[in-house]
Structure formats: C-alpha cells, structure tokens
Amino acid sequence: LVLILDFGSQYTHLITRRIRSLSVFSLCISGTSSLDTITHLKPSVVILSGGPHSVHTPDSPSFPDGFLQWAQANAVPVLGICYGLQLLVQRLGGDVRVGHTQEYGRMDICVHQPSALFGSHKIGKRQVVWMSHGDEAVALPHGFHVVARSDQGAVAAIENPSAMLYGLQYHPEVTHSEEGIETLRRFLFDVCGLEAGWTMEDVMEEEIMVIKDTVGPDEHVICALSGGVDSTVAAALVHKAIGDRLHCVFVDNGLLRYKEKERVMETFQKDLHLPVVCVDAVDQFLSQLKGVTDPETKRKIIGKEFIAIFDEFAHKLEGKLGKKPSYLVQGTLYPDVIESCPPPGSGRTHSHTIKSHHNVGGLPKDMKLKLIEPLKLLFKDEVRQLGRILDVPQAFLKRHPFPGPGLAVRVLGDVTEGNALDILRQVDEIFIQSIKDAGLYDSIWQAFAVFLPVRSVGVQGDQRTHSHVVALRAVTSQDGMTADWYYFEHKFLDDVARKICNGVRGVNRVVQDITSKPPSTIEWE
Ligand code: XMP
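Definitions and limits used
Residues numbered from 1 in each chain as written. Predicted model: local features only at pLDDT ≥ 70, side-chain atom pairs only at ≥ 80, totals over all residues. Axes fitted to C-alpha atoms, helices over the stretch in contact; angles between N-to-C directions. Helix = DSSP H or I, 4+ residues; strand = E, 2+ residues; numbered from the N terminus. Parallel < 35°, antiparallel > 145°, perpendicular 65-115°, else oblique. Left-handed = near helix turned anticlockwise from the far one by under 90°. Contact = placed C-beta atoms within 7 Å. Nonpolar A, V, L, I, M, F, W, Y, C, P; charged D, E, K, R; others polar. Near = placed C-beta within 6 Å. Buried ≥ 20, exposed ≤ 12 C-beta atoms within 10 Å, placed from the backbone.

Peer 1: Explanation requested: the packing of helix 14 (residues 420-437) against helix 15 (residues 490-503) in the structure shown.
Peer 2: Helix-helix packing: each pair is described by the crossing angle between the helix axes and the interaxial distance. Close contact between helix 14 and helix 15 brings their axes to 10 Å; oriented N to C, the two are set at 150°. The angle between helix 14 and helix 15 falls in the class roughly antiparallel. Crossing geometry of helix 14 relative to helix 15 is assigned as right-handed. Mapping the contact onto sequence places Q426, V427, I430, F431 and S434 in helix 14 and D495, V496, K499, I500 and G503 in helix 15. Class assignment for the residues of the contact of helix 14 with helix 15 results in 5 nonpolar, 3 polar and 2 charged.

Quick look at the structure:
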C-alpha cells in the first residue's frame, strides 16, 4: 500500500490514480490523521501531498508527531510533494520562506546531482514540470541535498536517501509534468523496491471474500438498481458473493428514457442474472408531480416517493422471508468518501458533502439497514474495469450518466403537461442514436435533449404550426463538476434537427445549448 496523506491539494486524487495506474494499490487519507490510523494501515511508502497552505500559517495542517520516527524505524520511505516537501523541511529543522519569485504553471528544471530520484545518468538533464507554490525551501535539514533546481533557482527536488526521505517541489502527478509518471514509477519500483501486482481481479476476489465474511449465512441484502453503472456493478459483485440472498428493485417512475426499462431489465436479467423486481410506479410518481413546476420541489417529491417504494419493497420482502433484510448495497465511489484537508477559509469540512444527493439518502430509520459499499475504494474508470470482469456488457458500462430524478429535470415546468415526456423521449432517442451512429458517443460525457415549456410558430407541409421547442445539450467533462459544451459539426446538427422535426409530432424548432458549467449546470433543473 502506498498511503497518501492529503493536505488539500486539488491534485491529491490524481496521485492516488497515477499510482494505481502503475498497478500498485494506493489510498488517500487526511494528512492530519492520527499516528494510529497511519500505522494501522501498514503502508510500504507514504506520500505527503501538496496543499494550498503555508507552513507558517497558524493551524496549517501537518502529519502527527512521531510519524517520521515511525517511518524511519520501519524503513518506510516518505516522499513530500510541494507543500509536503515544505512540511518535511520545516518539521526536520530546515527553513521555508516566501519565495523571491513565485512559481505557478509550466517551469523548466535541471538535475544537478547524481540522485536516487532521477538516476545518476540524468545529471544535467532538463525537464518540463508543473509548479504551483509561493513558499520555497531555503535551508535543508541535516542529511538532505538539492538534486534539481528550477531555471529560476528554486529548489525543485531534494533527498536524503540514507533516511529514505525525498521531496519534489513540483507536481509529478499532473500530465503537464512531462516525466512525472516516470519519476513516480522510478521512485516506487527502483527507489522503494515495490512490485507491481495490484489488479482488478484481485480487487474483485478480495471484495467477494469481505462480503461473504460480512453477511451471515441467513442474512439477506437489498439493493436499489438505478440503471447506472455504479449500482449495477455493486449489485453484480454482491450477487457473485452471496447469490440470491441479494434482492434488487428497479423502479419505473415514468421518468425514464426511451425503452429504458426494457433495456436495463434485459441487462440485469439476461446478462447478469440478477434477482430483480421491477416496480411499476408510474402513476404514483406522476400524480405526485402533477402541477409542480419548482425544480427543487420536484426533486424532493421524487426522492420521497422513491424511499416510500423502497420501504414497501423491504417490508414485502420481510413478509416473504420471515425476517428483515440486514444490509443495503450502495454504489458509493471513492471520490465521495475521501476526506481531504479543506483549503483555508473554505468553510468546507469534508469533500464528499458536495455529492450527497447522488446516493439513496434519508432511508427510513426503522429499516436499520447496515451498508455494504463494495466500490468505495474505487474510481469510476476502475468500476468500469471491474464491471468488465463481472461480464457487465461494454455498451452498458459506457452509458452516459443519468440523474436520479430522470427526465423530470429535463422537462422544464410541469412534467405531466400534455405529452411532454413522450415527446422528450422520442427527441432524446433520435439525438443519442445519431451521436452513436456518428461514432461520437464515447467522446461525450453526457448528451440529452430538454423539453421547453414554450411554443413557437413554424410552417410544416404548408401549414402554420404552433409547436414545441426542444434543446440539445452535449458536454465534455472529467467528473461532472465542470463541463464544456461539445462542438458538433454543422452538418451533424443539421441532420439531427431535420430528423427531429420530421420524426416527432409536436416539435417544430430545435436549439442547441452552448453554455459551459459554470455558469450553467449540466442539467437544466
Ligand atoms: P449538474 O446538473 O449539477 O449535474 O451540473 C452534474 C452531474 O450530476 C448529475 N446529476 C444527478 N445525478 N441525482 C443523480 O444521481 C441527481 O439528483 C442529479 N442531479 C444532477 C448530472 O446528470 C450530471 O452528470
């Protein structure tokens, strides 16, 4: 295990990902975790992340007392990155000051000495790196020497190989640091002597063992399948571990895409053999949503209805089994559980609060279900990899994200008005199918249509029409937190607009959404 102590850098998760991409298991915990927490994890290597703080600011975060002594005593190498380097220097009696010149962005560095970090043959070698710091180390603790400097003369890399302590002032984890991944590889394999060997097959076997150990032989587990990748992979994994003591429910709330129910149920049943019940709750949802136009109220109604249905499912199951189910499976991912040191003054305590609405929150307390979150140490791309091993069809794994409240946040205003939902389903299907036919689906984070509660005048077949306007939205993104709109060729848009107006009764105008996030959000409501 390579343990990352996080001091709040926006790149910390990237360090974890880069190391995992080298087939070495890596975890990230708060940099201010207790010594007990750190030693309990028995890391082979510890990396101190960067962060937005200055070591001179009162209350700036630091590793616990006794950590470096423990690392030395157990021969655990420590690498400090950016703020992590400055912490090492300061805590070991060196000096960190506000730099003469601050260094942000692209920078050239040059290797000055034979070194463990770069290899002895790299002396005089220049490389482009990504810097982001205001402070710099000006006096090193005993036993350290500078092995690389930036063109501006600032310390770029330090080491004390006999104490197994290393520091990089730049960020090797970002792709702009041209030899960054190579430097990390060298550090982990050549300097620290780790061996690559962490594979998704191992993760699967280990998780299955944990689930088998956790769930007693008479206990039952329930899972709400949304049709998304995370809940599906989580359910497939739990099913592999405990078989049909897993009970899944999929809710048709009337807010699904074109043929969504049929398509996902086919994957659940035919491809994955999951024990799943499909609850038809279309009337229940739509009657509650009738006349509701406020986006937040819509979301709350949908959340509440979903919980009511889930509750009923669990109670029915209890009647059938003669006992309450004990566990609930959730497809929580690693980015949702990582706790990072918040930037100063942000008022933020934990990073995962941002996304709480994505999970099945607020389940009735009397259900007293314990959680199984088998994906909570994985990133999205790793979940897709795991899904492949579990035979989840590739096309399913690559599906664009779809929000929990479904088409309700894509029909602006009252979703029950006229045949808005039907029109939207048809338009969306034409748009998505055209994207697939053009081979663009995988380069787009999310694409969908939006139904606008306005009518415009048109002329179709020599007739004046007064019909609906629909908007097309397609965005690129890494994680949905920020996004840019996707640039389609004009010919593609022309074809899609024509197909929509010719194929969907009630639509005579198509517009494209060309705003990024921010200032917009991806969904319209
Ligand atoms: P926004 O619209 O906030 O969306 O820019 C960011 C990403 O989150 C999805 N999204 C949701 N997913 N429940 C979900 O499971 C929700 O309530 C929800 N709202 C938005 C959205 O589709 C996009 O991928």
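Now that the structure has been shown, we can carry on.
Peer 1: Please clarify how the site of the ligand should be interpreted in this entry.
Peer 2: Around the ligand sit 12 residues, and of these P403, G404, T521, I522 and E523 come closest. Looking at the shell around the ligand residue by residue, the class counts come to 4 nonpolar, 6 polar and 2 charged.

Peer 1: I'm lost on unusual backbone geometry in this one. Help?
Peer 2: Trans peptide bonds make up most of the peptide bonds, and negative phi angles are found at most residues other than glycine. Residues K517 and P518 are joined by a peptide bond in cis, for which omega reads -15°. Secondary-structure assignment places P518 in the segment after strand 18 (507-512). Along the chain, P518 connects to P519 via a cis peptide bond; the corresponding omega equals 10°. A positive phi angle, near 60°, is found at M164, a position not held by glycine. Checked against the element boundaries, M164 lands in the loop between strand 8 (155-160) and strand 9 (165-168). What makes M164 partly exposed here is the crowd of 18 C-beta atoms within 10 Å.

Peer 1: Hey, could you run me through the environment of G291 in this one?
Peer 2: With respect to the helices, strands and loops of the structure, G291 is situated in the loop between helix 9 (282-289) and helix 10 (295-321). Spatially, the C-alpha atoms of G291 and E417 are 7.9 Å apart, while their sequence positions differ by 126 residues.

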